[in-house]
Every structure is written in structure tokens, then in C-alpha cells.
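# Structural features, examined
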Amino acid sequence: MTDLPTQTTRKLGLVIDLDTCVGCHACVISCKGWNTENYGAPLSDQRPYGEEPMGTFLNRVHSYEVQPETGTAQTVHFPKSCLHCEKAPCVTVCPTGASYKRVEDGIVLVNEDSCIGCGLCAWACPYGAREMDQAEGVMKKCTLCVDRIYNENLPEEDRVPACVRTCPAGARHFGDLSDPDSEVSQLVENRGGFDLMPELGTAPVNKYLPPRPKDSWDDESLLAPFLEPVASEPTGFLGWLDKTLDKLPGGSA
């Protein structure tokens, strides 16, 4: 079994804004593309055009209809990937040490050379954030694009996870959550960021920002005065046209 570090130098992670996410799946596609071409074994697909397609993804987006206590129902798009927990049960259950948490930045990774594909880590993860690659027989998970964020050959603005760089709505944010002055920490503080299923005690590093309350109208619509009929009988050109059509065979008397 693998031990977790008592503490990490930094806590790199994501802050995801559920109010801004539009569910476009751009993050899913960019994640699949980057991690198929770079770190580790490619993310395989099985029967992509068949009757039962399946594949390996490190990031997925789920959509839900939520009914608030007041107001109309809302659609919430919920992206989900590895949360890089401080007390990651997927690490401590690994029999070979393939799953581990890095001391320098807190990222949870899988050493694919040591992974035997037993699946224990996937069973231990309460968030369903790990997926077995059927072609390679090894466990896959979000790496926070560790091969990208430290790559000095890339422009500085590209040294963020592919999902963050791609998001057209700016709903995904990346940074050091151990630094209270970082952008991500300030977002969590100002917007009431929360942990996913905190009662499990896994202490996830990634945070979510809740949807903002939606505007609501009173019973009398703001547009009602503009939708009232302007005349009881058609006048002008429309009045002439109405009378002319009545004179045609089959027209109303």
C-alpha cells in the first residue's frame, strides 16, 4: 500500500464555476486530445461507431435539472474529474504504489509502468473519477496536465491544463489553493466555493463555485404592457386587406 504525504508544498487544483459552465464539452474534447497525444498511454476508444461505444475519458460533464425552492427550474452542467484529494483513498489502497500523491504540488498521479490494472483505486474513489483503459489495461485519471503546466517550451499562457485553456466560457480556473492570495483561492472565498461531498472526509483540493441566484419577475410580466392589443379592429393597410380578403370567394361574411 502507498502512504500519503503528511503535507504538500503546494495544492495545485481546479476551481469550476457552475454558474458559468454552459455544458459545451470543449473541456472534455481538449482533455481527450491532449492526453491521447502526450502523457502516458493513449486514451483508447472501443467501438466508437458501433452499437455499444465506450472509451476512456479523464473529464466528463453531467447535466442536471435542478428545482430551487423558489423560481423556475434550472439546468446545471457539472464537470467532473479527479479532485486530487489531500486524503486520497485511491492512493492508500493501491497494492503496488502505482497511485501516488506528489509532495511538490499535491497532484495525484498513476505510474502506468507499476499499475497492474486491479481496479482497487477505482473502487476506492467515491467520485468515480478513475477509468480503466480497456486497451492498455491500466488505470487512467486527470493529471492536471502535469506534462503541460511545467513545460517551458510552451508560452506562459498555455502552461495550464488543456481544459482550462480551452473553456470558452471561462468557467475553469487553475492555480495554487494553498496560497490564500491566489486567484483561485480568492474565487473560492468570494463566491462561497465548496467541496464535493465533504462528508466523506477526502478533503478534495478542487473546488466548485455555486450557481448564482437567477433573476425573477413578479406575477405581472415586464412585457405585458407591450403585448396588449393596440386596436380592437384592424385599421390602415391591414384594415383594407382584411376587407378585401372578405370579398373573395370563400371569405368570411
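Criteria and thresholds
Residues numbered from 1 in each chain as written. Predicted model: local features only at pLDDT ≥ 70, side-chain atom pairs only at ≥ 80, totals over all residues. Heavy atoms only, no water. Phe/Tyr/Trp six-rings, centres within 6.5 Å; stacked < 30°, edge-to-face > 60°. Helix = DSSP H or I, 4+ residues; strand = E, 2+ residues; numbered from the N terminus. Buried < 20%, exposed > 50% of the residue type's maximum accessible area, 1.4 Å probe, protein only. Contact = heavy atoms within 4.5 Å. Patch = residues over 30% accessible without salt bridge, like charges linked within 9 Å, V, L, I, M, F, W, Y side chains within 5 Å. Areas by Shrake-Rupley, 256 points an atom, 1.4 Å probe, with all protein chains shown as cover. Salt bridge = Lys/Arg side-chain N within 4 Å of Asp/Glu carboxyl O. Pairing = 2+ DSSP bridges. Axes fitted to C-alpha atoms, helices over the stretch in contact; angles between N-to-C directions. Core = buried A, V, L, I, M, F, W, Y, C linked by side-chain atoms within 4.5 Å.

As annotated in an unreviewed UniProt entry, the protein chain is Fe-S-cluster-containing dehydrogenase component from Shimia abyssi.

Enumeration over the complete set of coordinates arrives at three aromatic pairs. Between Phe 78 and Tyr 208, the aromatic rings sit 4.5 Å apart at their centres with planes inclined by 20°, giving stacked as the arrangement. A residue pair is termed long-range when its members are at least 10 positions apart, and Phe 78 in strand E5 (residues 74-80) and Tyr 208 in strand E11 (residues 207-209) qualify at 130 residues. In terms of burial, Phe 78 and Tyr 208 fall into one category: buried.

Right, let's get into the environment of Glu 136. Its location among the elements puts Glu 136 in the loop between strand E8 (131-133) and strand E9 (138-140). Glu 136 sits in the partly exposed class, given a relative accessible area of 43%. In this structure, the C-alpha to C-alpha distance between Glu 136 and Glu 112, residues 24 residues apart in sequence, is 9.4 Å. The contact partners of Glu 136, leaving out residues within four places of it in the chain, are Ala 41 and Pro 42.

The grouping of Phe 237, Leu 238 and Trp 240 at the surface amounts to a nonpolar patch, some 400 Å² of accessible area in total. Here Trp 240 is to be found in helix H8 (residues 236-247).

A sheet is described by the order of its strands in space; here three strands give the open sequence E10-E1-E11, paired in mixed fashion. Unpaired on one side and paired on the other, strand E10 (172-176) and E11 mark the two borders of the sheet. With direction set aside, neighbouring strand axes in the sheet form an average angle of 25°. The pairing of strand E1 (residues 12-17) with E10 spans five bridges and is classified as antiparallel.

Our next topic: the pattern of salt bridges. Pairing of side chains with opposite charge becomes possible as their charged atoms draw close. Tallied over the full model, the rule gives 10 salt bridges. Note that Asp 45 is salt-bridged to Lys 32, the shortest N-O span being 2.8 Å. Here Asp 45, found in strand E2 (residues 45-46), pairs with Lys 32, found in helix H1 (residues 26-37); they are 13 residues apart in sequence, far enough to count as distant. For Arg 102, the salt bridge goes to Glu 104, with nearest N and O atoms at 3.4 Å. Residue Arg 102 is classed as buried on the basis of its relative accessible area of 17%. A single network of salt bridges, built from pairs that share partners, joins Arg 102, Glu 104 and Asp 105.

For the rest of this paragraph, the subject is the nonpolar core. Of all hydrophobic cores here, the largest spans 38 residues; its most connected members are Leu 14, Ile 107, Tyr 127, Leu 144, Phe 174 and Tyr 208. Of all the secondary-structure elements, those providing two or more residues to this core are E1, H1, E5, helix H2 (89-92), strand E7 (108-110), E9, helix H4 (146-149) and helix H5 (162-166). Residues in contact with Tyr 127, not counting those within four places in the same chain, are Lys 80, Leu 83, Cys 85, Leu 196, Met 197, Leu 200, Thr 202 and Pro 204. If you look at the next biggest cluster of nonpolar residues, it comprises six residues, including Val 15, Leu 177, Val 184 and Val 188.

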